[in-house]
Every structure is written in C-alpha cells, then in structure tokens.
Amino acid sequence: QVQLVESGGGLVQAGGSLRLSCAASGRTFSNYHMGWFRQGPGKEREFVAGISWNGNKYYADSGKGRFTISRDNAKNTVYLQMNSLKPEDTAVYYCAVDLRPYRSSSYEYEYWGQGTQVTVSS
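These numbers were taken from a predicted model, which means no experiment stands behind them.

Colleague: I would appreciate a short explanation of the packing of aromatic side chains in the present structure.
Modeller: Any aromatic ring pair is given by two values, namely how distant the centres are and how the planes are angled relative to each other. In this structure the tally under the stated criterion is eight aromatic pairs. Considering the side-chain rings of F37 and Y109, the 4.9 Å spacing of their centres and the 80° angle between planes classify their relative orientation as edge-to-face. Of this pair, F37 sits in strand β4 (residues 33-39) while Y109 sits in the loop between β9 (91-98) and β10 (111-112), and the two are 72 residues apart along the sequence. Residues F37 and Y109 agree in their burial class; the two are buried. Between Y107 and Y109, the ring centres sit 6.5 Å apart and the planes meet at 45°, which makes this aromatic pair tilted. For Y109, a relative accessible area of 18% translates into the label buried. What links up through ring pairs into an aromatic cluster is the set F37, F47, Y58, Y107, Y109 and W112. Residue placement shows R45 over the ring face of W112; its charged tip is 3.8 Å from the ring centre.

Colleague: Before we go on, may I ask you to explain unusual backbone geometry in this structure?
Modeller: Excluding glycine, residues mostly have negative phi values, and the peptide bonds linking residues are mostly trans. Even without being a glycine, S84 presents a positive backbone phi close to 50°. Within the secondary structure, S84 is located in the loop between β8 (77-82) and β9. Using a relative accessible area of 41% as the deciding quantity, one classes S84 as partly exposed. Phi at Y102 takes a positive value of approximately 60°, unusual for a residue other than glycine. Residue position: Y102 is located in the loop between β9 and β10.

Colleague: When you look at the environment of F29 in this model, what are you seeing that I'm missing?
Modeller: For F29, the position within the fold is in the loop between β3 (18-25) and β4. Its relative accessible area of 1% is what places F29 among the buried residues. Each C-alpha atom, one on F29 and one on D98, is 9.6 Å from the other, the two residues being 69 residues apart in sequence. Ignoring any residue separated from it by four or fewer positions in sequence, one finds F29 in contact with V2, L4, A24, M34, R71, N76, V97 and L99.

Colleague: How should I be thinking about the state of the cysteines in this particular structure?
Modeller: Put plainly, two cysteines are in a disulfide when a covalent bond ties their sulfur atoms together. Enumeration over the complete set of coordinates arrives at one disulfide. Across a sulfur-sulfur distance of 1.9 Å, C22 and C95 are joined as a disulfide pair. Its S-S torsion of approximately 50° makes the covalent link between C22 and C95 right-handed. Of this pair, C22 sits in strand β3 while C95 is found in strand β9, placing the two residues 73 residues apart along the sequence. A single burial state applies to C22 and to C95, both of which are buried.

Thresholds applied
- Residues numbered from 1 in each chain as written.
- Predicted model: local features only at pLDDT ≥ 70, side-chain atom pairs only at ≥ 80, totals over all residues.
- Heavy atoms only, no water.
- Phe/Tyr/Trp six-rings, centres within 6.5 Å; stacked < 30°, edge-to-face > 60°.
- Helix = DSSP H or I, 4+ residues; strand = E, 2+ residues; numbered from the N terminus.
- Buried < 20%, exposed > 50% of the residue type's maximum accessible area, 1.4 Å probe, protein only.
- Lys NZ or Arg CZ within 6 Å of the ring centre and 35° of its normal.
- Contact = heavy atoms within 4.5 Å.
- Disulfide = S-S within 2.5 Å.

Bear in mind that shape data such as this cannot, by itself, settle questions of function.
What follows is the structure, encoded as structure tokens:
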C-alpha cells in the first residue's frame, strides 16, 4: 500500500526557512516522478515543485530561486527546502507521486499525503 507522509511544517517569520520532508512507503520510489503542491486559505491547490526519476526538477514561478526540491532514493524521501519565506507562502503543503515509471511529462498524481501546515508571519 502506497503511503506518503509529510513533515517539517510549522510557524516561521517572513524571511525564514523550512525544510519539508515526504517519506514514501509501500514500494521503491526511485523510478517515479514526485511533486509538492500547496493549498492556501481560500485558494485552489497549486503546483509548487516536481522532481523526476532522473533528477530533473521543475518549479512554479512562485518558488523559483527560493525553493529547492530534492530526493534521497535510499530513504524513499523527497524534500522541499524553502528559503526567504513570505506570508503568501502560507498553505498546507502536500506531496504526491505519479506511479507510472520513467515519466518525463504529463504527470498524473495518483497518491497524496495528508499535508503539513506552513504558516509564515509578517
């Protein structure tokens, strides 16, 4: 059974940093594309960053230059390092996985974690 568990959220002041983790279980995830999404209060869920099986990385404009996605395949874990946080980054952050191996585009995220709350105070 595939399971994704996010952690690392919290309350931080504007300009601060957080590192989110997404621990995956149920199979080996090194062959799959994984992504981070977020949903702010009163907003729709939006893409934040993605990392492919071959290490290619993708970012939404909102996080470019501030956020870094990475993965540790030995630990089945994906990370999102967030620096220079802004109040508008306040959201629940989710990780998700596309379980079709070796995808390079047109991702479909089949499994989602429960989310971790990030609150950035001004």
